[in-house]
Structures are given as C-alpha cells and as structure tokens.
2 protein chains.
Amino acid sequence: MHFSKTSEYAIRVLSYLHRHPTQPYSVAFLHEELNLPYKYLTKLMTQLHKKGLLNSIRGRDGGFTLALDADKIFLCDILEAIGEALESNRCILGFEKCDSSNPCALHNQWLKPKALLEDMLKNTSLASLHSTESIKF
Amino acid sequence: MHFSKTSEYAIRVLSYLHRHPTQPYSVAFLHEELNLPYKYLTKLMTQLHKKGLLNSIRGRDGGFTLALDADKIFLCDILEAIGEALESNRCILGFEKCDSSNPCALHNQWLKPKALLEDMLKNTSLASLHSTESIKF
DNA sequence: ATTTAATACTACCTTATGGTAGTATTAAAT
DNA sequence: ATTTAATACTACCATAAGGTAGTATTAAAT
C-alpha cells in the first residue's frame, strides 16, 4: 500500500516548478536540486510534457515549465499522466465484480479509507501543497 | 496505490479458512475453490505457516488450518507475515526524514487517509470480515 | 511394504518498474 | 558555420513480484 517511485518523482518535480515559476528549468538542474536520477527524470519530464502538464523548450537554454495553473493540476491528474490513474471501482481483493450488493469480504471496511484517499487525490492541487523546502534527500 | 496480489490472496484464503473451520484444506482444494494459482498458493501457505498464522498437516489427507482465533488475526498481521508490514512513518514522497516539524509537501494531506488506512489494517480481524461468499472470480 | 496424496523445497521463467547508455535533434550563442 | 547545451528517442540492464516445474519428504490407507 504505497505510491510508486515514479509518482513520488512527478509530484516532487511539479511541486518544485510551481514554487519556482520564474524560468524554465533543465533536467540537469532539477536532477541536482531534487536528487532524482537524471536519465529517468528525463523520460518522466518528456512524458509529463506529452500529457500536457509541462511546456517543453528544446535546444540550448531550454527546459520545462508548468503548462497549466498550479491550482488546476490535481494529484489525480499527475497520477493519470504517468499511467497510474485512480481506479475507484477496483475491488481491493481483486474481484471483477464487487459492489454494495455483492461485496467482497473487505468491501465495507475499505469504503472510508478509500473515500479519504480519493478526496486527497482529487482535491489536492499543486497550489495547495505545503511549500517549505527544508527537506532534502 | 493498491494492495499486492500476494496480500489479496492471503486475505482471501485466510478468510475462507475462517468461514469453513471444520477440517484442514489442501492447497489443491483451495486452488479450485478460490481460483488462485496452485503453485503460488503453495508457497504462500508455507510462508503463512512459517509465520505462525497457519497449522500445517503434512502427508496424505494433510492441509492447513488457522493457527489462531480469527478475532486475533488482523489485516496488519497478514501483511506483516508476507513481508509487507505497515510502515506508518514512511514518507509518502519518499523522504528519509519527514514529520510534522519538517514535513514534505504532501505530509498534511496524507495524515487523514493514512490514519483511516492504519485503522482499517490494525482493527479489522478475520472474524470481522463480511461473510458472504457470493463473489467468485 | 507399497501406493497415494499431501506439504516443502529448489530452481527457473515472465512481467513490470526503476534506472542507465548512447545518439539524434533542436536552437541559442559565438 | 560551428559549438554548446538542452530535449527526444531507442535500446538495454537490474531488481522485485508474480508464477511455473520438478522433485524430495511426509504420513495415511491399503
């Protein structure tokens, strides 16, 4: 029960771009600043650009900037962009058909935690993230 | 953000054993009954036995039974037995040090969903699981 | 004693995720 | 025009999770 590395990286880097909106940042810089693996981050940024979350500027002095206002990018959008879309209806025990009329053994216990998780992912925007930068590594 | 297949399997099979406490069940039978991969289930059952959740009866007419009362086996115990112990303090963005005095960007938003998840895992026993068996496959 | 049906063990295969290497392409600066 | 520094692309490598195959061991039934 955890987030993938890729989603950790995506949230961290998008959050950084929001808090430092002045100019495009290169992957090399973000790699140094956020201590994320360089080549992997390159692929991730390209993907986020293809999905419309980032502007990409190629060539010398290029880099990436946010393509949308930070209050319009929600955590669920980020997860969707990296192919980990929230599957609200997926049964926690893996059953194809599982709902209130035909529930799995864990269905009822899972309802509340799931609702709060969904709420967090759907209603937390980049703009509403905590903004200290004291944490490194 | 999901449970592993292994944990799905473990919860399903332990739940089944609780609801059918009469006799030891062989892996071959449970494989048929729950539609879980036979060899993989064998490994899982052996592991659950080693971790003390199951009694194992070897030889002909052998099989597995619950080693503890169903109201003393909690979801977190099952996850721990399969090496996926709940890491309450793990930062959701992957930072080594992350707490209220030095929070990551998602720290506060994560508090409530995490608390409910933990509550579910720590306080849901096999005995308190929903007991219909209408779901198959 | 032999057969049979079960767990236990060892080794391997498959797939997805995370990560690396090298090169092509782009565009500013000189 | 050439150099430089950036993104984009393609291919590969490493690790872990999920899954399979074959065999050894155990113990009841005959």
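For the structure itself, consult the block above.
A. Just the side chain of His 107 of chain A, in detail. With respect to the element layout, His 107 of chain A can be found in helix H5 (residues 107–123). Excluding residues within four positions of it along the chain, His 107 of chain A makes contact with Cys 98, Asp 99 and Ser 100 of chain A.

B. Up close: the protein's contact with DNA strand C. For DNA strand C, the set of nearby residues contains 27 residues, the closest of which are Lys 5, Thr 6, Tyr 9, Lys 39 and Gly 59 of chain A. Backbone atoms, meaning sugar and phosphate, form 62% of the atoms of DNA strand C found within 4 Å of the protein. When contributions to the surface near DNA strand C are tallied by element, the ones reaching two or more residues are helix H1 (5–19) and helix H3 (38–50) of chain A together with helix H3 (38–50), strand S1 (54–57) and strand S2 (63–66) of chain B. Residue contributions to the surface near DNA strand C peak at five residues, all from H3 of chain B. Here the surface near DNA strand C is composed, by residue class, of seven nonpolar, ten polar and ten charged.

C. Highlighting the protein's contact with DNA strand D. Among the 28 residues in the neighbourhood of DNA strand D, the closest are listed as Lys 5, Thr 6, Tyr 9, Lys 39 and Gly 59 of chain B. For DNA strand D, the backbone portion of the atoms within 4 Å of the protein, that is sugar and phosphate, comes to 61%. Within the backbone of Val 27 of chain A, a nitrogen or oxygen atom sits 2.9 Å from a phosphate oxygen of DNA strand D. The side chain of Lys 39 of chain B places a nitrogen or oxygen atom 2.7 Å from a base oxygen of DNA strand D. Residues that form the surface near DNA strand D fall into these classes: eight nonpolar, ten polar and ten charged.

D. Layout of the relation of the copies chain A and chain B. Each copy of the sequence occupies a distinct position, and chain A is placed on chain B by a rotation of 180° and an axial shift of 0.0 Å, giving an RMSD of 0.0 Å. Taken together, the rotation angle and the small translation identify this as a two-fold axis. In this assembly the copies share their binding face: 100% of the residues contributing to the interface of chain A also contribute to that of chain B.

E. Quick look at the interface of chain A and chain B. Counting residues at the interface gives 39 residues for chain A and 39 residues for chain B. Taken over both partners, the interface formed by chain A and chain B buries close to 3600 Å², and the fraction arising from carbon and sulfur atoms is 68%. One can count two salt bridges joining chain A with chain B. Viewed at the interface, chain B and chain A are joined by six residue pairs in polar contact (both at pLDDT 80 or more). Those elements giving two or more residues to the side of chain A that touches chain B turn out to be H1 and H5 of chain A. With eight residues, the single largest contributor to the side of chain A that touches chain B is H5 of chain A.

Conventions used here
Each chain has its residues counted from 1, running along the sequence as written. Labels follow written order: the first chain is A, the first ligand is 1, and so on. At least 70 in pLDDT is required for a residue's local features to be given in this predicted model, at least 80 for side-chain atom pairs to be given and counted, and no such filter applies to totals for whole chains, interfaces and linings, which use all residues. Just so you know, side-chain values use all the structure's heavy atoms and leave hydrogens and water out. Helix and strand assignments come from DSSP, with helices taken as H or I runs of at least 4 residues and strands as E runs of at least 2, each series counted from the N terminus. Whether two residues touch is decided by their heavy atoms; if any such pair falls within 4.5 Å, the residues are in contact. Nearness is judged by heavy atoms alone; a residue qualifies as near a molecule or strand once a single heavy atom is within 4 Å of it. Amino acids outside the nonpolar list (Ala, Val, Leu, Ile, Met, Phe, Trp, Tyr, Cys, Pro) and the charged list (Asp, Glu, Lys, Arg) are all regarded as polar, and Gly is one of them. Polar contact is defined as a pair of N or O atoms within 3.5 Å, subject to the rule that within protein one atom must be able to donate a hydrogen and the other to accept it, and that residues adjacent in sequence are counted only when both atoms are side-chain atoms. Overlaid copies result from least-squares superposition on C-alpha atoms, with residues included only where pLDDT is at least 70 in both. Here the buried area means the combined drop in accessible surface, using a 1.4 Å probe, for two parts upon being joined, counting both sides. A side-chain nitrogen of Lys or Arg and a carboxyl oxygen of Asp or Glu constitute a salt bridge if their distance falls within 4 Å.

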